[in-house]
Amino acid sequence: MTGTPSPLVFVVDDDVSLREALGSLFRSVGMQVELFGSPAEFLARGPATCESCLVLDIRLPGVSGLDFQTQLAKRGNTIPIVFMTGHGDVPMSVRAMKAGALDFLMKPFRDQDMLDAVSNALALDRERRAAESELSTLRARYDSLTAREREVIALVTTGLMNKQIAGQLGVSEITVKIHRGHLMEKMGVRTLAELVKIYQMLRPERGI
Amino acid sequence: MSRFSPFVAMFIAVAIFALDTLTTFDMAIAVLYVTVVLLALSFATKKNLLVIGAGCMGLTLLSFAVSHGEDPTSDATARCFVSLSAIGITTFLAYQVKTGIAILRESEQRYRTIFLATGVAILEMDFTLVKAAVHQLKSQGFADIRAVAAKDPSFASKAIAMMKLTKVNNTALTTFSAKDFNTLKAALPTLIGEDMEGAIWALLEAIWDGRPVYESETMMNDVNGDRIAILYNVAMPADRPLLDTVLVSIVDVTARRQAENELHAAHTELAHVTRIATLGELTVSIAHEVNQPLAAIVTNGGAGLRWLKRSAPDLGEVETAMQRMIADAGRASEVIKRLRTLSSKTTPQAAPVNLSEIAAESIALVQREITSHKISLRTELARKLPLVIGDRIQLQQVIINLILNAIQAMADPAVATRTLLIATTRAGDAVQLNVRDSGTGFAATKAAHLFDAFYTTKADGMGMGLSICRSIVTAHGGRISAHSEPGNGASFEFTIPLQEEPVS
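Note that this is a predicted model, so its numbers are computed, not measured. (Residues numbered from 1 in each chain as written. Chains lettered and ligands numbered in written order. Predicted model: local features only at pLDDT ≥ 70, side-chain atom pairs only at ≥ 80, totals over all residues.)

A few points about the overall build of chain B
Moving on, step 1. Scanning chain B for helices and strands turns up 17 helices and twelve strands.
Moving on, step 2. The buried share of chain B, taken over its 504 residues, is 33%.
Moving on, step 3. Expressed as a percentage of contacts within chain B between residues at least 6 apart in sequence, the contacts between residues at least 24 apart total 72%. (Helix = DSSP H or I, 4+ residues; strand = E, 2+ residues; numbered from the N terminus. Buried ≥ 20, exposed ≤ 12 C-beta atoms within 10 Å, placed from the backbone. Contact = placed C-beta atoms within 7 Å.)

Focus on the overall build of chain A
Moving on, step 1. Per the secondary structure count, chain A includes nine helices and five strands.
Moving on, step 2. If you list the helices and strands of chain A from N to C, you get β-α-β-α-β-α-β-α-β-α-α-α-α-α.
Moving on, step 3. Going through the 208 residues of chain A one by one, you find that 33% of them count as buried.
Moving on, step 4. Contacts spanning at least 24 positions in sequence make up 61% of the contacts within chain A whose residues lie at least 6 apart.

Re the UniProt feature "modified residue: 4-aspartylphosphate" (unreviewed entry) in chain A
Residue and element names in this part refer to chain A.
Moving on, step 1. In the numbering used here, UniProt assigns the "modified residue: 4-aspartylphosphate" (unreviewed entry) feature to Asp57.
Moving on, step 2. Within the secondary structure, Asp57 is located in strand β3 (residues 52–57).
Moving on, step 3. Here Asp57 falls in the buried class, since 25 other C-beta atoms lie within 10 Å of it.
Moving on, step 4. For Asp57, the contacting residues outside a window of four places in its chain are Val12, Asp13, Asp14, Gly65 and Met84. (UniProt positions renumbered as here; feature names shortened; annotations may be inferred.)

A few points about the pairing of strand β11 (residues 479–484) of chain B
Residue and element names in this part refer to chain B.
Moving on, step 1. The two faces of β11 differ: Ile480, Ala482 and Ser484 on one face are buried, but Arg479, Ser481 and His483 on the other face are not.
Moving on, step 2. In this sheet, strand β12 (residues 490–497) lies alongside β11 in antiparallel orientation, the contact comprising six bridges. For Ala482, the partnering residue across the bridge sits in β12 and is Phe492.
Moving on, step 3. Between β11 and β12, which pair antiparallel one after the other, the connecting turn spans five residues, and Gly487 there sits at a positive phi close to 85 degrees. (Pairing = 2+ DSSP bridges.)

Re the sheet that holds strand β7 (residues 376–381) of chain B
As a general point, the strands of a sheet are linked pairwise by backbone hydrogen bonds and lie either parallel or antiparallel.
Residue and element names in this part refer to chain B.
Moving on, step 1. Spatially, the five strands line up as an open sheet ordered β7-β9-β10-β12-β11, and their pairing is mixed. For this open sheet the edge positions go to β7 and β11, each flanked by a neighbour on one side alone. Across this sheet, the average inter-strand angle for adjacent strands is 15 degrees, counted without regard to direction.
Moving on, step 2. In this sheet, strand β9 (residues 419–427) lies alongside β7 in parallel orientation, the contact comprising six bridges. Pairing of Ser376 across the sheet is with Thr419, part of β9.
Moving on, step 3. Lying on the sheet, helix α15 (residues 392–409) is in contact with β9, β10 (430–437) and β12; it crosses β10 at an angle near 20 degrees. (Axes fitted to C-alpha atoms, helices over the stretch in contact; angles between N-to-C directions.)

A closer look at unusual backbone geometry
Moving on, step 1. A cis geometry characterises the amide bond from A:Lys107 onward to A:Pro108, with omega recorded as -5 degrees.
Moving on, step 2. Residue placement: A:Pro108 occurs in the loop between β5 (103–106) and α5 (111–143).
Moving on, step 3. Despite not being glycine, B:Ser177 shows a phi value in the positive range, around 55 degrees.
Moving on, step 4. Position of B:Ser177 among the secondary structure elements: in the loop between α8 (170–175) and α9 (181–191).
Moving on, step 5. Residue B:Ser177 is classed as partly exposed on the basis of its 16 C-beta neighbours within 10 Å.
Moving on, step 6. You will see that B:Lys374, though not glycine, has its phi angle at about 55 degrees, which is positive.
Moving on, step 7. Overall, B:Lys374 belongs to the exposed group, with 12 C-beta atoms counted inside 10 Å.

Let's talk about the confidence of the model for chain B
Moving on, step 1. Taken residue by residue, chain B gives an average pLDDT of 85. The fraction at 70 or more is 95%.
Moving on, step 2. A low-confidence stretch, residues 500–504 of chain B stays under pLDDT 50, and its non-local contacts, those more than four residues away or across chains, total 16 contacts. (pLDDT = per-residue confidence, 0-100.)

Topic: the sheet that holds strand β1 (residues 8–12) of chain A
Residue and element names in this part refer to chain A.
Moving on, step 1. Pairing is parallel across the open sheet formed by five strands, whose spatial order is β2-β1-β3-β4-β5. The open sheet has two edge strands, β2 (32–36) and β5, and neither has a second partner. Across the sheet, the mean angle from the axis of one strand to that of its neighbour is 20 degrees, orientation sign disregarded.
Moving on, step 2. Strand direction decides the pairing type here: strand β4 (residues 81–85) and β5, joined by four bridges, are parallel. Counted as the bridge partner of Phe83 is Phe104 from β5.
Moving on, step 3. The sheet strands contacting helix α1 (residues 16–28) are β1, β2 and β3, and the helix crosses β2 at an angle near 170 degrees.

Brief notes about the interface of chain A and chain B
Moving on, step 1. Every contact between the two is made by 20 residues of chain A and, on the other side, 24 residues of chain B.
Moving on, step 2. Sorting elements by how many residues they give to the side of chain A that touches chain B places α1(A) first, with eight residues.
Moving on, step 3. Its residues placed into classes, the side of chain A that touches chain B shows eight nonpolar, seven polar and five charged. (Nonpolar A, V, L, I, M, F, W, Y, C, P; charged D, E, K, R; others polar.)

A few points about the packing of α1(A) against helix α13 (residues 315–343) of chain B
Each pair of packed helices gets described by two things: the angle between the helix axes and the distance between those axes.
Moving on, step 1. Two numbers describe how α1(A) lies on α13(B): the axes approach to 11 Å, and their chain directions differ by 155 degrees. By the angle between their directions, the pair α1(A) and α13(B) is classed as roughly antiparallel. In this structure, the crossing between α1(A) and α13(B) has a hand that is left-handed. The segment α1(A) lies against α13(B), with A:Ser17, A:Glu20, A:Ala21, A:Ser24 and A:Ser28 engaging B:Glu317, B:Thr320, B:Ala321, B:Arg324 and B:Asp328.
Moving on, step 2. Tallied by class, the residues present in the contact of α1(A) with α13(B) amount to two nonpolar, four polar and four charged. (Parallel < 35°, antiparallel > 145°, perpendicular 65-115°, else oblique. Left-handed = near helix turned anticlockwise from the far one by under 90°.)

A few points about the packing of helix α1 (residues 5–22) of chain B against helix α2 (residues 33–40) of chain B
Residues and elements named next belong to chain B.
Moving on, step 1. At their nearest, the axes of α1 and α2 sit 9 Å apart, and the two run at 170 degrees to each other. Classified by the angle their axes make, α1 and α2 are roughly antiparallel. Touching Ser5, Val8, Ala9, Ile12, Ala13 and Ile16 of α1 are Tyr33, Thr35, Val36, Leu39 and Ala40, all from α2.
Moving on, step 2. Classifying every residue of the contact of α1 with α2 by side-chain character gives nine nonpolar, two polar and no charged.

Quick look at the structure:
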């Protein structure tokens, strides 16, 4: 989205050997890689601006992979996580899945499985980024509406007729029609159905 | 002879009396009574000996009275006096001899009683031929028995053939399960197994050096071919330099040895079982430990292949991947080697070991456990620690046990700071290992029981860990102890003395 062509994979594992092996694997298929020995190092790096995902060992010194997952969620970091687990980590894996882990791979894993999991994670991140970017466009368009137009849009999307809106706002039906025409144009929609859909997407953004 | 000797003596006495009384030789015929006294020595008691002596003197006087009663010449009187003196002195000497014989017989009897009735097996042997052979070798210029062994290794078995059994007691027969003396004598060469060769050479050396006693312990066969463990003592009295009477006393310690071996085996078994149990506790972290390099190998392999298959293969990356694979395979095999050593079921071996090295190996095995419990580890392992004699695996077991205990002591969420110190030092004429944790600690009253078997403060503990630790350390001649200030952590340390053979 931001013009960087290849996606970025973050690897957090305290085992330098596995970390570097993963690095080599991802680079071999043309991905960018950044390797971290601990969650703290990863956090210090700051969030990625491009399509990315995180490959995380479920057992880490200091903080467990699960706790780290929670920490990221609290910070609003929605980066998709692929967990790596060892033997006997089934209960942890279940927890991770419940907490929204995208995938987890039991060590030792097939390289193809890892690449597939990462591809899925990256695809998810791409979708999220696309959705976010669409939303931000819509937000910008909404922000360009006048106060009156915002009043009109709120009433139009509840299914009221122009005449009813005019009554409620105390203006003429013609005026409502003009506002409606302007806001449809500003929001980049042609039909009422589209407007309703967009308005629904924006609603959580507006904190309603 | 003895049955007739009283009659013979009486006949002689009568004959002497007749000669003395009826003939008129100018000689002291009565002196011949001493033969009667000497004969009496073989059958008369001490008291009767005196009676017989007195009788002979009486007969002499009687004879003198009959022959020279009225007018004794001075010659005859002198002859009579000489005879009386001779008889008197002989009787006195005979009496003395008799007393000596009685004492001797009593001591002989006592010896026989001891010989026969003692619980010790006694073999009376004749080593005359062995002694002669040794003597001959000496005269041939051999410096010592080692030189003989080097020149003629078969001399030991030749020497065995030269040892003759002359007498045995009943205990000896029982010990060797022999029916009688002849059975034992015939079986003698088969009783000495090949493993006794060293003992035979040592015995030969004792004979060579003229030492009066040789003692040792060995395994022998009995007549049925069963193995028996014996302690034996070969007495070669200095007053029998030809070694014609050598006493070999043997105590059968088979049962005791067997019991000791069984105890030892049980102990080894228990140590092994607890070691396996310890490994069981470590399963997860060990699996991780092996899995980690395996995952790296597989990943490196996959990455390497992909670098190769690219339209422009990157051989540099392939090389790096392969090098990493080799290093990781080495890492995995190290872990497995450590595990196999620890889980192996070998009998304890005594070898020179470095306690710091063992500590480092032990830490490697539980490293994962330490980090996953969020414990910060500090090690102070002395670099130049003198070697001690010990069993590597058992010492590892002790250290791992102490570390795991420390980890568990800090598992309580209430423990704020979790630090573990593992240190080795030289402490006087011993080396010392110390494991200190910052856990919950224990009350001073518990310190005394910590090392008791089946004493545990853990819900799922068996209470064997520290008990095994103590028995291992004790077997190494060392000491183990624990100190704690409740709430302030605990400290366990053990010492292994320098240059001391373990009892194990």
